[in-house]
Amino acid sequence: MHDIRFIRDDAKSFDEAMARRGLEPQSDAILAVDQERRQIITTLQELQQKRNETSRQIGDIKKAGGDADAIMAEVAAIKSEMTALEEREKTLGEDLDAMLLSLPNILDAGVPDGADESDNVELRKIGEATAFSFPAQDHVALGESLGMMDFAAGAKLSGARFVVLKSGLARLERALASFMLDTHCGEFGYQEILPPALVKSETMQGTGQLPKFAEDLFHTEDDRWLIPTAEVPLTNLVANEILDADDLPLRLTAYTPCFRAEAGAAGRDTRGMIRQHQFSKVELVSIVEPDQSDDELERMTSCAENILKRLGLSYRVMMLSTGDTGFSARRTYDIEVWLPGQDDGKGMYREISSCSNCGPFQARRMKARFRNKGDKDTQFVHTLNGSGLAIGRTMIAVLENYQQEDGSIHIPDVLQPYMGGMTTLKLS
RNA sequence: GGAGAGGUGGCAGAGUGGUUGAAUGCGCCGGUCUCGAAAACCGGUAUGGGCGCAAGUCCAUCGGGGGUUCGAAUCCCCCUCUCUCCGCCA
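Nothing here was measured: the structure is a model prediction, and the numbers come from that model.

A. Seen up close, the overall build of chain A. The secondary structure content of chain A amounts to twelve helices and 17 strands. Projected onto the principal axes, the alpha-carbon positions of chain A cover approximately 100 × 45 × 45 Å. Out of the 428 residues in chain A, the part that is buried amounts to 48%. A separation of at least 24 residues holds for 72% of the contacts in chain A among residues at least 6 apart in sequence. Each charge sign in chain A was given a centre, from 48 positive and 69 negative side chains, and these centres are 3 Å apart.

B. Structural view of the nonpolar core. Counting 52 residues, the largest nonpolar core has Leu169, Leu172, Leu176, Met180, Leu308, Ile409 and Leu425 as its most contacted members. The residues touching Ile409, leaving out its near neighbours within four places in the chain, are Leu142, Leu146, Val398, Leu399, Tyr402, Gln403, Gln404, Thr423, Thr424 and Leu425. Judged by nonpolar contacts, the second largest core, of 17 residues, contains Leu234, Leu243, Ile287 and Ala368.

C. Highlighting the domain arrangement of chain A. Domains assigned within chain A are domain 1 (4-101) and domain 2 (117-425). For domain 1 and domain 2, the distance between their C-alpha centroids amounts to 44 Å.

Here is what the cut-offs are and how they apply
- Residues numbered from 1 in each chain as written.
- Chains lettered and ligands numbered in written order.
- Predicted model: local features only at pLDDT ≥ 70, side-chain atom pairs only at ≥ 80, totals over all residues.
- Heavy atoms only, no water.
- Helix = DSSP H or I, 4+ residues; strand = E, 2+ residues; numbered from the N terminus.
- Buried < 20%, exposed > 50% of the residue type's maximum accessible area, 1.4 Å probe, protein only.
- Contact = heavy atoms within 4.5 Å.
- Lys, Arg positive; Asp, Glu negative; His and termini not counted.
- Charge placed at Lys NZ, Arg CZ, Asp CG, Glu CD.
- Core = buried A, V, L, I, M, F, W, Y, C linked by side-chain atoms within 4.5 Å.
- Domains from an automatic or database assignment.

Here it is, written out as structure tokens:
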């Protein structure tokens, strides 16, 4: 959500910012509604003041035993005048909110211009493409021949884009999640949270999934929504709160299932576990003071990268272009892991984490503020979120990068304690 | 799911139609006192919004929404959350 005062003060800059998002100038329409609304509010408040004063007089007169009929008629006239104005004000307020809620965040000046992901900029590349002395298989072939990955069973139970994992791979999911949580909580200062996976519309609006992106979500009959990421419940934990500056930064992490309708992705990534309706993820969320959010984005990204380094996986970090940066973000870094089994064994990089600084955009929607000790005024916090990491895709990366010629999988050292000392996944 | 009781300022807790944005206590901030501190005393201490350069001023808000009334924290309706008892249940 945007600050209406910023649009009033600097409509030109606002329109330029929207232009970077590929949008037509918005400020004229917004300010027209805003101006009419404020005029109405002013006259409405004058009428309210008059009504309040007159009502007080009526009380005095009645207490003194006088006749208040004439003055009561006066109030009746004021009230009838107010009714129409109140309705108009309500409509204008809703219109204004609808406009402000549907526009994307203003992009950071450092975000490269571009139409789509092909214009993203590579910031760094860590590690080399994994070398094999044999043709690399993809995770589907590996997982199925191990007897631990069953897409037919997933389809039988739930339809397309679901999978059933068994024995070693089922356990690997748990191992990856524990490893990530232990690292983020034990070493990077995140607090572990176990949030609900089903949330209210209001909560989805706070982080920006609603009202625009309902088609990407699963909706329950009692009007709740399945979370597409733990960013939603974690970030909304501070909704409608006024925090002490002393309590910031807040660093939260959660391992949750994530549900995505993938409405716009029909036909894309249909093979394997890359794109599922349900997957799990360890999410990182930071709530910080405004002047800290740029640094916090770097820190958060390095926390996510650290997991990949310890797993011995190669990756690159991309800064998303203006055309690829999500609705709520001001700046986003994607971490892409090397998957040697993709593209017919030629290998390719695939997104495994996305870290975004949302600035005050979500905070304004959520009314999440903080106050410095002794200060009277409040400010909106800045919010950040990032994957640390997506478990399903990390599993794919482990399978494809640690595969051996016989189709067994070497388990990365850091995961072995979480696998009961197991060193290899193989057909039993 | 059934029955009942409640949601008031950072917290505790008054308040059942007329200067109540809201007593009182605690907490917090500032001050007096003190070598310093404690205690005591004095003052301050919600959020959002309109107008205004500002000082300021006005409006709204006592879980949320609607209604009754000249006037509602106080009355009525709906929703929601919490607590107690019963039932059911992982």
